[in-house]
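Read off the chains here:
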Amino acid sequence: MRDWREGVRRVEPYVPGEQPSERRMIKLNTNENPYPPAPGVERALRELDADRLRLYPDPEAGILVDALAEYYKVKPSRIFVGVGSDDVLAMAFLTFFNSEQPILFPDITYSFYDVWAGLFRIPYRQVPLDEKFQIRPSDYFGENGGIVFPNPNAPTGEELPQEAIEEILKHNRNSVVIVDEAYVDFGAKSALPLLEKYDNLLVVQTFSKSRSMAGMRIGFCVGSEEMIRCLNDVKYSFNSYTMDQTALILGAEAVKDREYFDRTRGEIMDTREWTKGELRRLGFCFGDSRANFIFAAHERVPAEKIFQALREQHIYVRYFRKPRISNYLRITIGTREEMRELIDFLEHWLPSANEE
Ligand SMILES: *Cc1c(COP(=O)(O)O)cnc(C)c1O
């Protein structure tokens, strides 16, 4: 007799960073923003009309798409929104990565890419970063079924210069190239201008990091009108109402407040540079992160040991027990006070920590 278990779609799921609910903790483990969303978001949340929830939301997500179109100076027909950029990326994988050729992405990168490839049965090849954790454009010049990488890359924080991205695009006119810009607002250069020249480019961004709205789940991408149409065809074949009414209203509010956006991300960039100086002084090594985190190894003390010691102090950072990066910690940039507490603890603890 046939067992139902034989018909189950088996997948190796993505493991999100932990979300502890302690009252006093310093949470630097999932790259959330330490500042609240823009004041207009809170105002709109208080004024929400519960009766509006009787109705389905606008399937085209008009108010949010229009706010984004205005901010990024592109036509609304070139924007697609989703439930966090994870949803947008998953839809894009499903829509554009549909060939026999393997898709390409770095060996050290966002650990959801191989999970989606597994889920959708997309063949893939992980391309090793060079010894300085940089993407080498020429590694992406061969035949492939598509390309995806974050810029800045996660969890390294390294930025790929725009010329290098253009090199990859030039050599891949017949593949879709997805640039995942989850962290681009913290000082890297966006690939958005390249959309004028390349109709096979898709630029994905999120409200989760730079716009302080990880809990609301809003992501979007910008591409050619044709690509956006393809994405919508897949979306409407799956779930027409991905964006709920609250997300549409609050998301549009967040985009409107440019001043707050610029001020808070500026604050995070300043704190990042301050933290780099302090970590260097304490014997950490790291690249020139352009994201809201620093990916650092200590010259003497193993990462896992530091991770545990910080945990005991209720300071949460991210540790990946994975090849090539098992001696690194990914430390999210919090407020200046949070980073000062982290540094103060390390300053006292590191000298007493024995090597292993
Ligand atoms: C955080 C992150 C995302 C997804 O964020 P959402 O919360 O789903 O918008 C996507 N890619 C990278 C590289 C990320 O770090």
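Look a little higher up for the structure.
Residues numbered from 1 in each chain as written. Predicted model: local features only at pLDDT ≥ 70, side-chain atom pairs only at ≥ 80, totals over all residues. Heavy atoms only, no water.

A. Representation of a negative patch on the surface in the model. Together, Glu 267, Asp 270, Glu 337, Glu 341 and Asp 344 make up a negatively charged patch on the protein surface. Those elements that place two or more of their residues in the negative patch are helix H8 (258-281) and helix H10 (336-349). For Glu 341, the location among the structural elements is in helix H10. (Patch = residues over 30% accessible without salt bridge, like charges linked within 9 Å, V, L, I, M, F, W, Y side chains within 5 Å. Areas by Shrake-Rupley, 256 points an atom, 1.4 Å probe, with all protein chains shown as cover. Salt bridge = Lys/Arg side-chain N within 4 Å of Asp/Glu carboxyl O. Lys, Arg positive; Asp, Glu negative; His and termini not counted. Charge placed at Lys NZ, Arg CZ, Asp CG, Glu CD. Helix = DSSP H or I, 4+ residues; strand = E, 2+ residues; numbered from the N terminus.)

B. The site of the ligand, seen in detail. Within the structure, the ligand sits among 13 residues, and Ser 85, Tyr 183, Thr 206, Ser 208 and Lys 209 are positioned closest to it. A distance of 2.6 Å separates an oxygen atom of the ligand from a polar atom in the backbone of Ser 85. Residue Tyr 183 places a side-chain N or O atom 2.5 Å away from an oxygen atom belonging to the ligand. Spatially, the ligand is embedded in the largest pocket. With four residues, helix H3 (residues 84-96) is the largest single contributor of residues to the shell around the ligand. When its residues are assigned to classes, the shell around the ligand shows five nonpolar, four polar and four charged. (Near = heavy atom within 4 Å. Polar contact = N/O pair within 3.5 Å; in protein donor to acceptor, adjacent residues only side chain to side chain. 1 Å grid on protein atoms, 1.4 Å probe; cavity = no way out; pocket = protein on both sides within 12 Å on 5 of 7 lines; lining within 4 Å. Sits in = over half its atoms within 2 Å of the grid points. Nonpolar A, V, L, I, M, F, W, Y, C, P; charged D, E, K, R; others polar.)

C. Quick peek at helix H6 (residues 225-235). Within the sequence span of H6, burial applies to Met 227, Ile 228, Leu 231 and Lys 235. Burial along H6 is one-sided: seen end-on, the buried residues are contained in an arc of 95°. Residues of H6 that are exposed and point over 90 degrees away from its buried face: Glu 226, Arg 229 and Asp 233. Buried-residue contacts for H6 involve strand E2 (79-82), H3, strand E7 (201-206) and strand E8 (219-222). (Buried < 20%, exposed > 50% of the residue type's maximum accessible area, 1.4 Å probe, protein only. Arc of directions from axis to C-beta. Contact = heavy atoms within 4.5 Å.)

D. Molecular detail of empty space enclosed by the protein. On inspection of all chains with the given rule, the structure shows two cavities of 30 Å³ or more. Counted as a void, the largest cavity has a volume near 70 Å³. With three residues, the top contributor of residues to the lining of the largest cavity is H8. Class assignment of the residues belonging to the lining of the largest cavity gives a composition of five nonpolar, three polar and two charged. (Points joined across faces, edges and corners; volume = space filled by probe spheres on them.)

E. Geometry of the packing of helix H9 (residues 303-312) against H10. The geometry of H9 relative to H10 is characterised by a closest axis approach of 11 Å and an angle of 120° between their N-to-C directions. With respect to their mutual orientation, H9 and H10 come out oblique. Seen along the crossing, H9 lies across H10 with a hand that is right-handed. Between H9 and H10, the contacting residues are Lys 305, Ile 306, Ala 309 and Leu 310 on the first element and Leu 342, Phe 345, Leu 346 and Trp 349 on the second. Residue classes in the contact of H9 with H10 are distributed as seven nonpolar, no polar and one charged. (Axes fitted to C-alpha atoms, helices over the stretch in contact; angles between N-to-C directions. Parallel < 35°, antiparallel > 145°, perpendicular 65-115°, else oblique. Left-handed = near helix turned anticlockwise from the far one by under 90°.)

F. Broad picture of H10. Between the first and last C-alpha of H10 there are 20 Å, a value that for 14 residues agrees with the 20 Å anticipated at 1.5 Å per step. Taken as a whole, H10 has its buried residues at Met 339, Leu 342, Ile 343, Phe 345, Leu 346 and Trp 349. For H10, the angular spread of buried residues about the axis comes to 160°, placing them on one side. Turned more than 90 degrees from where H10 packs its buried face, Glu 337 and His 348 sit exposed. (Expected span 1.5 Å × (residues − 1).)

G. Just the layout of surface pockets, in detail. In this model, the largest pocket occupies a volume close to 850 Å³. Lining the largest pocket are 41 residues, and of these Tyr 14, Tyr 110, Ser 111, Arg 318 and Arg 330 sit closest to its centre. Secondary structure elements with two or more residues in the lining of the largest pocket: H3 and strand E3 (103-106). By residue number, the principal contributor to the lining of the largest pocket is H3, which donates four residues. In the lining of the largest pocket, the residues fall into 18 nonpolar, twelve polar and eleven charged. Size it by volume and the second largest pocket reaches roughly 490 Å³. In terms of lining residues, the second largest pocket is bounded by 22 residues, among which Val 15, Ser 111, Arg 318, Phe 320 and Lys 322 are the most central. The set of elements that each furnish at least two residues to the lining of the second largest pocket consists of helix H4 (113-119) and strand E11 (315-319). Examining the composition of the lining of the second largest pocket, we find that four residues originate from one element, H4, more than from any other. Taken together, the residues of the lining of the second largest pocket break down into twelve nonpolar, four polar and six charged.

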